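Listed below are the residues making up each chain.
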Amino acid sequence: MSHTTLPRRVVGDPPVIREPAHVPVAHVVRAGVIEGVHHGSVVVLAADGSVEFRAGDIEAAFYPRSALKPVQAVGLLRAGLPPLDDASLALVAASHSGDARHRATARRMLDTAGLTEGDLRNVPDLPYGAAEREAWLRSGLGPTRLAQNCSGKHAAMLMTAQARGWRLEDYLDPGHPLQREIAAAVEDLTGQGIARVSVDGCGAPLFSVSLHGLTRAAARLATAAPGTEEGRVAQAMRAHPEMVSGSGRDVARLVRALPGLLAKDGFEGVQIAALPDGRAVGVKIADGADRARMPVTAAALARCGVDPQVLAAFAATPVIGGGAAVGALHAAGALAPPDTSLV
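Residues numbered from 1 in each chain as written. Predicted model: local features only at pLDDT ≥ 70, side-chain atom pairs only at ≥ 80, totals over all residues. Heavy atoms only, no water.

**Q** So what exactly am I meant to see when it comes to the packing of aromatic side chains here?
**A** Geometry of an aromatic ring pair is reported as the spacing of the ring centres plus the angle between the planes. Scanning the model with the defined rule gives one aromatic pair in all. The interplanar angle of 55 degrees and the centroid separation of 5.5 Å between the aromatic rings of Y128 and F267 together place this pair among those described as tilted. One end of the pair, Y128, is in the loop between helix 3 (100-112) and helix 4 (130-138); the other, F267, is in the loop between strand 8 (262-266) and strand 9 (270-274), and 139 residues separate them in sequence. The exposure class of Y128 is partly exposed, given its relative accessible area of 29%. With relative accessibility at 38%, the residue F267 sits in the partly exposed group. (Phe/Tyr/Trp six-rings, centres within 6.5 Å; stacked < 30°, edge-to-face > 60°. Helix = DSSP H or I, 4+ residues; strand = E, 2+ residues; numbered from the N terminus. Buried < 20%, exposed > 50% of the residue type's maximum accessible area, 1.4 Å probe, protein only.)

**Q** For this particular structure, what's the right way to read the pairing of strand 3 (residues 51-55)?
**A** Within a regular strand, the side chains alternate between the two sheet faces. Where strand 2 (residues 33-45) and strand 3 come together, four bridges link them in antiparallel fashion. Paired with L45 across the strands is V51, a residue of strand 3. Taken together, strand 2 and the strand that follows it, strand 3, pair antiparallel across an intervening segment of five residues, in which G49 is found at a positive phi of about 95 degrees. (Pairing = 2+ DSSP bridges.)

**Q** Any chance you could explain the side chain of H212 here in plain terms?
**A** Following the sequence through the fold, H212 ends up in helix 7 (residues 211-222). Note on H212: relative accessible area 12%, which makes it buried. In contact with H212, not counting residues within four places along its chain, are V43, L45, V51, I58 and E59. (Contact = heavy atoms within 4.5 Å.)

**Q** Just to check I follow, could you spell out the environment of A302 for this structure?
**A** Structurally, A302 is set in helix 11 (residues 290-303). The partly exposed category is assigned to A302, whose relative accessible area is 32%. Here the alpha-carbon distance between A302 and P259, two residues 43 residues apart in the chain, equals 15 Å.

**Q** Explain unusual backbone geometry to me, please; I cannot follow it from the model alone.
**A** Trans is the prevailing form of peptide bonds, just as negative phi is the prevailing case for residues other than glycine. Notably, A31 is not glycine yet its phi reads approximately 50 degrees, a positive angle. You can see A31 is positioned in the loop between strand 1 (23-30) and strand 2. Taking relative accessible area as the criterion, A31 reaches 61% and is therefore assigned exposed. In the Ramachandran plot, E268 falls in the positive-phi region, its phi being about 65 degrees despite a non-glycine side chain.

**Q** Explain the nonpolar core to me, please; I cannot follow it from the model alone.
**A** In this structure, L76, M157, V186, L214 and V233 are the most contacted members of the largest nonpolar core, which totals 64 residues. For this core, the element with the highest residue contribution is helix 7, accounting for seven residues. Excluding residues within four positions of it along the chain, M157 makes contact with L76, Y171, L172, L178, Q179, I182 and A204. Within the second largest apolar cluster, 34 residues are counted, among which are V42, A55, A299 and V319. (Core = buried A, V, L, I, M, F, W, Y, C linked by side-chain atoms within 4.5 Å.)

**Q** In this structure, what is going on with the state of the cysteines? I would like to understand it.
**A** Two cysteines form a disulfide when their sulfur atoms are joined by a covalent bond. The tally for this structure, following the rule as stated, stands at zero disulfides. Cysteine C150 shares no disulfide, and the gap to the nearest cysteine sulfur, in C202, comes to 3.9 Å. In this structure C150 comes out as buried when scored by relative accessible area, which is 4%. (Disulfide = S-S within 2.5 Å.)

**Q** Got a minute to help me understand the environment of F314 in this structure?
**A** As for its placement among the helices and strands, F314 is situated in the loop between helix 12 (308-311) and strand 11 (316-321). On the accessibility criterion, F314 (5% relative accessible area) is buried. For the pair F314 and D48, spaced 266 residues apart in the sequence, the C-alpha separation amounts to 26 Å. Those residues in contact with F314 that lie beyond four places of it in its chain are D250, R253, L254, A257, M294, P295 and A298.

**Q** In this structure, what is going on with the pairing of strand 9? I would like to understand it.
**A** Across the five residues of strand 9, five count as buried, placing the element largely inside the fold. Neither face of strand 9 is left uncovered, since the one carrying V270, I272 and A274 and the one carrying Q271 and A273 both have all their residues buried. Between strand 8 and the antiparallel strand that follows it, strand 9, lie three residues; E268 among them carries a positive phi value of about 65 degrees. The pairing of strand 9 with strand 10 (residues 280-285) spans five bridges and is classified as antiparallel. Along strand 10, the bridge assignment pairs V270 with K284. Here strand 9 hands over to strand 10 after five residues, with G278 in that stretch at a positive phi of 105 degrees.

**Q** Explain the packing of helix 1 (residues 69-79) against helix 6 (residues 177-190) here, please?
**A** Packed helices, taken two at a time, are described by the angle between their axes plus the distance between the axes. Orientation of helix 1 relative to helix 6, taken along the N-to-C sense of each, is 120 degrees, at an axis distance of 8 Å. Between helix 1 and helix 6, the interaxial angle falls into the category oblique. Between helix 1 and helix 6 the crossing geometry is right-handed. Side by side, helix 1 and helix 6 meet where V71, Q72, V74, G75, L76, R78 and A79 of the first sit next to L178, E181, I182, A185, V186, D188 and L189 of the second. (Axes fitted to C-alpha atoms, helices over the stretch in contact; angles between N-to-C directions. Parallel < 35°, antiparallel > 145°, perpendicular 65-115°, else oblique. Left-handed = near helix turned anticlockwise from the far one by under 90°.)

**Q** Would you explain the side chain of H27 in this entry?
**A** By secondary structure assignment, the location of H27 is in strand 1. Setting aside its immediate chain neighbours within four residues, H27 contacts I34, G36, V37, A328, L329, H330 and A332.

Structure representation (structure tokens):
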């Protein structure tokens, strides 16, 4: 399959590796007492790409984890990923729950290329979704590569390497032509050099950028013209949010609540969300706590101008005592809604 080398944007210097200057972004309140504080960093971009709001350290180098997958998906398309339907392309950008649809789609991708699960090099794991994992274990099943939440991305990496005539056995090596192509897309879309390359949980190379750069990349995907690689990934993710995550997952519910939204979460408390006009938010929770990720994201989207009533279901998580709600986890500091009280 042929591929086109497109002109790239000017890439700035890599972000500085330092201890990020995170600030309080969420409070855990129990019966009027602040029981816990989550620190983090948040950036809100205006439609023109300027920084509308910032908290903490949005320029320090960090690892986006799976929030980078939409950008990696663009890199795969640019590198020559064979044509996929939207549901399959959404799985390429996914941290999926490991349900039957997810596994079948990843297997079908491999089948079309004459590949098998044995060709995958991601780490075998149980399904990521809580319900899916419980059902899996009840069936007496153990870790597999297809069930692991990154199997769609890895299947696409193999498909691309095969289409280009590249080696398959070491497709995860950062020096492999496939990973160099993906790294080039990361630098192009974030607008900055990569600070450091590590290894993600699934075994794939992980590229360190800044929260600002990651959020800029999300905005570029969300505003991309139809038919471009960026536009194709955005279209697939918007049309199939349950393929990007899973049924009942908070990111899928957020996309359903805000038509046109592009959103992706990542381990260690990372979240990006971008609207079709280019308004975008990026969140990093310092201690990696997933429970703080969505309430802070909802508060950041409210700073974007999204209707708080639409965000109400995502803006707070109940704190339970004796089986009843006795407080809430919600955004704090400059992100706290004006009517927030210690409840």
